[in-house]
Amino acid sequence: MQSSDAVTGVIITVVRFNTKENNLSEGSRRTALVTGGAGGIGIAASRALAFHGDRVVIADLDAGKAQAAAAGLSSAGLAASGAGVDVTSRAAVEQLVGRIAAEHGRIDVLVNMAGIVRNDVLSKVADADFEATLRSHLSGTLNCIRACIPHMKRRQFGRIVNMSSVASRGSLGGAAYGAAKGAIESLSRTAALELAGKGITVNCVAPGLIEAGMFLTTPLQFQEQGIARTPMKRAGTPEEVAACIVFFASSAAGFVTGQTLFVDGGLTTGF
């Protein structure tokens, strides 16, 4: 069945496969944590998960933005709340996850999107910027996975979706960001192997040029050049990325783990 809703229609064809774990009664409603959830793709993913019936906690370094994003979903009748968290702090992440588990009794889905961008070429990138980028993306992802694993193991069910990027294949002037994303893919494969017997899957979604966030802050010339190099000759939408996140979070992807799905209009095809 497809929805006529312009925002969610692309998603519904996927998430209708979800049945077993998504009883919408309050006692069995899934709980999803989305970090970096106040950004364009984060809001789209949170909306998609909530539309499907999940209770979504939008977490972001900027607590105000997280709460505003959650309020937007709540006003549409979706189950959402917002929270501030610095994912580079293991203690802060564990405190948030513990609070969510205590309040809702479960954490079923983790979507890791939090991270900063401080790009420069290899010869010029500052040590502090390189390390800060790795901490926010890689250490942040690790901190969130480690905090959620015990709760997922108890239920013998979990869906972890980590955010990579086409930059993981190599990025001119993006030494720190590309390295962080490549490391996240490797970390995800290791986690997938270690957690496969626990009913927990771990996968990555790797967007290309998307009409949100970092891409929209770049000069128009860069945007045009990037679109020209993309076989589909356009940028993707946050909703198209969200649809892939929802698939990995669904029961339909129960036999899929350790994979990276590029959502890039063919940009990395042939690499």
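Conventions used here
Residues numbered from 1 in each chain as written. Predicted model: local features only at pLDDT ≥ 70, side-chain atom pairs only at ≥ 80, totals over all residues. Heavy atoms only, no water. Phe/Tyr/Trp six-rings, centres within 6.5 Å; stacked < 30°, edge-to-face > 60°. Buried < 20%, exposed > 50% of the residue type's maximum accessible area, 1.4 Å probe, protein only. Pairing = 2+ DSSP bridges. Helix = DSSP H or I, 4+ residues; strand = E, 2+ residues; numbered from the N terminus. Axes fitted to C-alpha atoms, helices over the stretch in contact; angles between N-to-C directions. Contact = heavy atoms within 4.5 Å. pLDDT = per-residue confidence, 0-100. Salt bridge = Lys/Arg side-chain N within 4 Å of Asp/Glu carboxyl O. Parallel < 35°, antiparallel > 145°, perpendicular 65-115°, else oblique. Left-handed = near helix turned anticlockwise from the far one by under 90°. Nonpolar A, V, L, I, M, F, W, Y, C, P; charged D, E, K, R; others polar. Core = buried A, V, L, I, M, F, W, Y, C linked by side-chain atoms within 4.5 Å. Polar contact = N/O pair within 3.5 Å; in protein donor to acceptor, adjacent residues only side chain to side chain.

Draft legend 1. Up close: the packing of aromatic side chains. On inspection of all chains with the given rule, the structure shows one aromatic pair. Between F247 and F248, the ring centres sit 5.7 Å apart and the planes meet at 40 degrees, which makes this aromatic pair tilted. Residue class for F247 comes out partly exposed when judged on its relative accessible area of 27%.

Draft legend 2. The arrangement of the sheet that holds strand β2 (residues 55-60) in detail. Strand order across the open sheet formed by seven strands is β3-β2-β1-β4-β5-β6-β7, with parallel pairing between neighbours. Since the sheet does not close on itself, it has two edges, and those belong to β3 (80-84) and β7 (260-263), each with one partner. With strand direction ignored, the average angle separating the axes of adjacent strands in the sheet is 20 degrees. The sheet contact formed by β2 and β3 spans five bridges and is parallel. Its bridge partner being in β3, I58 is matched across the sheet by G82. The strands touched by helix α9 (residues 238-249) within the sheet are β4 (109-112), β5 (158-163), β6 (200-207) and β7, with β6 carrying the most contacts at an inclination of about 170 degrees.

Draft legend 3. Region of interest: the confidence of the model for the protein. Of the residues in the protein, 89% reach a pLDDT of 70 or more, and the chain-wide mean stands at 88. Note on residues 1-24: pLDDT under 50 across the span, and 47 contacts to partners over four residues away in sequence or across chains.

Draft legend 4. Representation of the pattern of salt bridges within the structure. If you walk through the whole model with that rule in mind, you get seven salt bridges. Across the salt bridge formed by E94 and R90, the nearest N and O atoms sit 3.1 Å from each other. One end of the pair, E94, and the other, R90, are both in helix α4 (residues 90-104), four residues apart, so they sit about a helical turn from each other. With relative accessibility at 39%, the residue E94 sits in the partly exposed group. Residue R90 is classed as partly exposed on the basis of its relative accessible area of 41%. Linking D129 and R118 is a salt bridge whose minimum nitrogen-to-oxygen distance equals 3.5 Å. Here the residue D129 occupies a position in helix α5 (residues 127-155), and R118 occupies one in the loop between β4 and α5, the gap between them amounting to 11 residues. What makes D129 partly exposed here is its relative accessible area of 28%. By relative accessible area, R118 is classed as partly exposed at 40%. Connected via shared salt-bridge partners are R106, D108 and R155.

Draft legend 5. Broad picture of the packing of helix α2 (residues 40-52) against α9. For the pair α2 and α9, interaxial distance at closest approach is 8 Å and the crossing angle is 50 degrees. Classified by the angle their axes make, α2 and α9 are oblique. Remark: the crossing between α2 and α9 carries right-handed chirality. Residue-level inspection shows G40, I41, A44, A45, R47, A48 and L49 of α2 in contact with α9, the latter providing P238, E239, V241, A242, I245, V246 and A249. Partitioning the contact of α2 with α9 into residue classes produces 11 nonpolar, one polar and two charged.

Draft legend 6. Molecular detail of the nonpolar core. Counting 33 residues, the largest nonpolar core has L49, V111, M113, V205, V241 and I245 as its most contacted members. Mapped by element, the contributors of at least two residues to this core are β1 (31-35), α2, β2, α3 (63-75), β4, β5 and α9. The greatest single-element share of this core, amounting to seven residues, is contributed by α9. Among all residues touching M113, those that are not within four sequence positions of it are V34, T35, G36, I41, G42, A45, M163 and I245. V97, A147, I160 and V202 belong to the second largest nonpolar core, which has 25 residues in total.

Draft legend 7. A look at the environment of T35. Counting through the fold element by element, T35 comes out in strand β1. On a C-alpha basis, the gap between T35 and A83 in space is 9.4 Å, while along the polypeptide they are 48 residues apart. Residue contacts for T35: discarding those within four places in its chain leaves A59, V87, V111, N112, M113, A114 and C144. A polar contact of 3.1 Å, which involves the side chain of T35, links it to the backbone nitrogen of M113.

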